[in-house]
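# Observations on chain architecture
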Amino acid sequence: MVDDEAKKVIWSLQNNKRTEEERNAFKPTGKKPMNKNLVYILSALVITFLMSFALSLFSKETTQFCFLIDTYCFNSTENPIAYTFYILMNLWILILGIAIAYLIGKKIGDRFKI
């Protein structure tokens, strides 16, 4: 007959080898965690700016573009930074339009549950 106690397996990864200091490493410190919203927003702006700059470099032909009014116009080859900001502005208009359409659709969908 086989002893059942001899077959028992201890399912502990550390097998109680950690010191008291290592056990206390993950206890709450009482500090509030840092709000990372600003970091996320700035990183999104930097990434879309870099994408806009890359898109402006891929454009071979000269483009005439205007900011808000017809008298405030630029040429894409003479002002590549202004053209980058123009592309950035258009990207964010698209991103915000998609986000607003999603939020409106979600509210309508929540109101008319089937």
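Quick note: structure is the one above.
Criteria and thresholds
Residues numbered from 1 in each chain as written. Predicted model: local features only at pLDDT ≥ 70, side-chain atom pairs only at ≥ 80, totals over all residues. Heavy atoms only, no water. Helix = DSSP H or I, 4+ residues; strand = E, 2+ residues; numbered from the N terminus. Buried < 20%, exposed > 50% of the residue type's maximum accessible area, 1.4 Å probe, protein only. Contact = heavy atoms within 4.5 Å. Polar contact = N/O pair within 3.5 Å; in protein donor to acceptor, adjacent residues only side chain to side chain.

### Brief notes about the environment of Thr 63
Relative to the helices and strands, Thr 63 is located in the loop between helix H3 (37-58) and strand S1 (64-66). Residue classification places Thr 63 among the partly exposed residues on the basis of a relative accessible area of 24%. Sequence separation of Thr 63 and Thr 77 is 14 residues, and the distance between their C-alpha atoms is 7.6 Å. Sequence-distant contacts of Thr 63, defined by excluding residues within four places in its chain, comprise Phe 74, Asn 75, Ser 76 and Tyr 83.

### Some points on the side chain of Ser 76
Relative to the helices and strands, Ser 76 is located in the loop between strand S2 (73-75) and helix H4 (80-111). What makes Ser 76 buried here is its relative accessible area of 9%. From its side chain, Ser 76 meets the backbone nitrogen of Thr 63 in a polar contact 2.7 Å long. Leave out the neighbours within four places in its chain, and Ser 76 touches Glu 61, Thr 62, Thr 63, Phe 65 and Tyr 83.

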